[in-house]
Amino acid sequence: MRILVLGATGYVGSRLIPALLDEGHVVVAASSSDPSPSRFDWGSSVDWMRCDVTSTADVEAALVDVDAVCYLVHSLSRRGFSGPDLLGAEVVRRGVDAASVTRLVYLSGLVPDVPRDELSPHIASRLEVEEELLRSSASTVALRAGVIIGAGSTSFEVIRQLASLLVVQPVPWWLRSRIQPIAVTDAVRALVEAFAPDSALSGTVDIGGPDVLRYPRLLAAYSRAARLLRVRIPVLLAPAPLVAAGTASLVQAPFWTVTALVASLRHDMVCRPEATWTPASGEPLTTVRAAMQRAVAGVGLEGPLPSDPDWTRQRAPLFDRLPAPRSVRAGASLAWHRLRSL
């Protein structure tokens, strides 16, 4: 199968493509930036396209001779992301239908069981994109994932950078929602399975790991994996906008990405029992503990890749060699990052 991966150079895309190649698929790697094959171990094994999903001409060119599309495009790094994201979905859906593409797979987000007007802007935007793509005449599936655990993923890096910096971690009292994280290896496995010739996945399918826990326990799971002694204390008066802005100021991730993610933490983000993915292979899903350990150790797909953005590594060699506690080195690295951004 010839598969167009839109968002190929992002966190999930850069890990998905080698898995698709291993399954014998032919891959067209597309992103909004100019192709840079040398950044990736698999760079010479795929066809490259520059594709702005909001451009009809770009999308039409990328879809030539394509059998299937994997849509991994999100614009959380900028303010006002919902408009461009929906436009991109509309352009791609029309292009897919015009090109008679047979399969369309979208990596969406878990949707909490609350009225639509209570959804965060981030989740509401994911849902809009999902609904638009599901209108396609192609066989379409939206795989809904929550927190993805793996070095380099935004959610994991926010946790890692906060835990490295803060010995005492204030936790807002309202941050008691349940979450169902998934290891990046399992997310990739679900995406690959969605392109199997006999795949029964269709409509909306939730993908999550075997553990359901509250957010403070996820912070604790990282601290244990990283062997950090950290204390979490509940904070009664902590408005969500203030928490979002404060979190964004303490990590190196893009500001609008962090604030959008924090706004999504007020509701339970767990899989629907009646619509949850079960791996066709029967291989067990990765636990939070194992995924965290692999991410911290840098093992396999859970580990960092050289192609991951610089901010995800939060490292400056000089500060790594400082004979100081982890929190001091993390603070020095954050200060250096802020100075370089001026």
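In what follows, the accompanying structure is described. (Residues numbered from 1 in each chain as written. Predicted model: local features only at pLDDT ≥ 70, side-chain atom pairs only at ≥ 80, totals over all residues. Heavy atoms only, no water.)

**A few points about the pattern of salt bridges**
Condition: Salt bridges are defined as contacts in which a side-chain nitrogen from Lys or Arg sits within 4 Å of a carboxyl oxygen from Asp or Glu. A run of H or I in DSSP counts as a helix once it spans at least four residues, and a run of E counts as a strand once it spans at least two, with each numbered from the N terminus. Whether a residue is buried, partly exposed or exposed follows from its accessible area with a 1.4 Å probe, protein chains only, as a fraction of its type maximum: under 20%, in between, or over 50%, in that order.
Summed over all chains, the structure comprises 14 salt bridges. One salt bridge in this structure joins Arg 15 and Asp 308, with 2.9 Å as the shortest N-O distance. In this pair, Arg 15 sits in helix α1 (residues 11-22) while Asp 308 sits in the loop between α10 (288-297) and α11 (317-320), placing the two residues 293 residues apart along the sequence. Asp 308 shares its class with Arg 15; the two are buried. Residues Glu 130 and Arg 144 are paired through a salt bridge, measuring 2.6 Å at the closest nitrogen-oxygen approach. Here the residue Glu 130 occupies a position in helix α4 (residues 121-133), and Arg 144 occupies one in strand β6 (residues 139-145), the gap between them amounting to 14 residues. For Glu 130, a relative accessible area of 2% puts it in the buried group. Each of Arg 93, Asp 97, Glu 132 and Arg 135 takes part in a single network of salt bridges with overlapping partners.

**Examining the packing of helix α8 (residues 240-250) against helix α9 (residues 255-262)**
Under the convention used in this document: All axes are obtained by fitting lines to C-alpha atoms, using only the stretch in contact for helices, and the reported angles, taken between N-to-C directions, cover 0 to 180 degrees. Convention used here: angles under 35 degrees read as roughly parallel, angles over 145 as roughly antiparallel, angles from 65 to 115 as roughly perpendicular, and any remaining angle as oblique. When the near helix sits turned anticlockwise from the far one by under a right angle, the crossing is termed left-handed; a clockwise turn instead gives a right-handed crossing. In this analysis, two residues are considered to be in contact whenever any of their non-hydrogen atoms come within 4.5 Å of each other. Asp, Glu, Lys and Arg are counted as charged, while Ala, Val, Leu, Ile, Met, Phe, Trp, Tyr, Cys and Pro are counted as nonpolar; the rest, among them Gly, fall into the polar class.
Put simply, α8 and α9 touch, their axes get as near as 8 Å, and they point 140° apart. Taken together, α8 and α9 sit at an angle that is classed as oblique. When you trace α8 past α9, the crossing you get is right-handed. Between α8 and α9, the contacting residues are Ala 240, Val 243, Ala 244, Ala 245, Thr 247 and Ala 248 on the first element and Phe 255, Val 258, Thr 259 and Val 262 on the second. Class assignment of the residues belonging to the contact of α8 with α9 gives a composition of 8 nonpolar, 2 polar and no charged.

**Here's the deal with the packing of aromatic side chains**
What counts, and what does not: Stacked, tilted and edge-to-face pairs are distinguished by plane angle, under 30 degrees for stacked and over 60 for edge-to-face with tilted covering the rest, among Phe, Tyr and Trp rings (Trp via its six-membered ring) whose centres lie within 6.5 Å. For a ring to carry a charge above it, either NZ of a lysine or CZ of an arginine must fall within 6 Å of the ring centroid while also lying within 35 degrees of the normal to the ring plane.
Scanning the entire structure with this criterion turns up 5 aromatic pairs. Members of the aromatic cluster, joined through ring pairs, are Phe 40, Trp 42 and Trp 48. The ring centre of Trp 174 lies 4.8 Å from the NZ or CZ of Arg 266, which sits over that ring.

**Concerning the nonpolar core**
Soluble globular proteins tend to pack their nonpolar side chains together in the buried interior. Note the cut-off: In these notes, a set of buried Ala, Val, Leu, Ile, Met, Phe, Trp, Tyr and Cys residues joined through side-chain atoms within 4.5 Å is what counts as a nonpolar core.
In this structure, Ile 149, Trp 174, Tyr 215, Leu 218, Tyr 222 and Met 292 are the most contacted members of the largest nonpolar core, which totals 42 residues. Of all the secondary structure elements, the ones that give two or more residues to this core are α4, α5 (154-165), α7 (215-226), α8, α9 and α10. Looking at this core, the element that brings in the most residues is α7, giving 7 residues. Leave out the neighbours within four places in its chain, and Tyr 222 touches Phe 156, Ile 159, Arg 160, Ala 163, Ser 164, Leu 228, Met 292, Val 296 and Arg 326. If you look at the next biggest cluster of nonpolar residues, it comprises 37 residues, including Val 46, Leu 72, Leu 107 and Leu 143.

**As for the packing of α1 against helix α6 (residues 184-194)**
Two elements in contact, α1 and α6, have axes whose closest approach is 10 Å; the angle formed by their N-to-C orientations is 55°. When the axis of α1 is compared with that of α6, the two are oblique. Along this stretch, α1 crosses α6, giving a crossing that reads as right-handed. Seen from α1, the contacting residues are Tyr 11, Val 12, Arg 15, Leu 16, Ala 19 and Leu 20; seen from α6, they are Val 184, Val 188, Leu 191 and Val 192. Residue classes in the contact of α1 with α6 are distributed as 9 nonpolar, no polar and 1 charged.

**Structural notes on the state of the cysteines**
The following threshold applies: For this text, the term disulfide refers to a pair of cysteine sulfurs within 2.5 Å.
Throughout the structure, instances matching the rule amount to 0 disulfides. Unpaired in terms of disulfides, Cys 51 finds its nearest cysteine sulfur in Cys 70, a separation of 13 Å. A relative accessible area of 4% means that Cys 51 is categorised as buried.

**Regarding unusual backbone geometry**
Positioned with a positive phi, Ser 100 is a non-glycine residue whose angle comes to about 55°. Along the chain, Ser 100 turns up in the loop between α3 (82-98) and β5 (103-109). Among the residues examined, Ser 100 registers a relative accessible area of 59% and is labelled exposed. Phi angles above zero are rare outside glycine, and Arg 227 is one such case at about 60°.

**Concerning the side chain of Arg 189**
The following threshold applies: Two N or O atoms count as a polar contact when they lie within 3.5 Å, although within protein this holds only if one can serve as hydrogen donor and the other as acceptor, and sequence-adjacent residues are included solely when both atoms are side-chain atoms.
Positionally, Arg 189 belongs in helix α6. Side-chain polar atoms of Arg 189 contact the side chain of Ser 281, separated by 3.3 Å.

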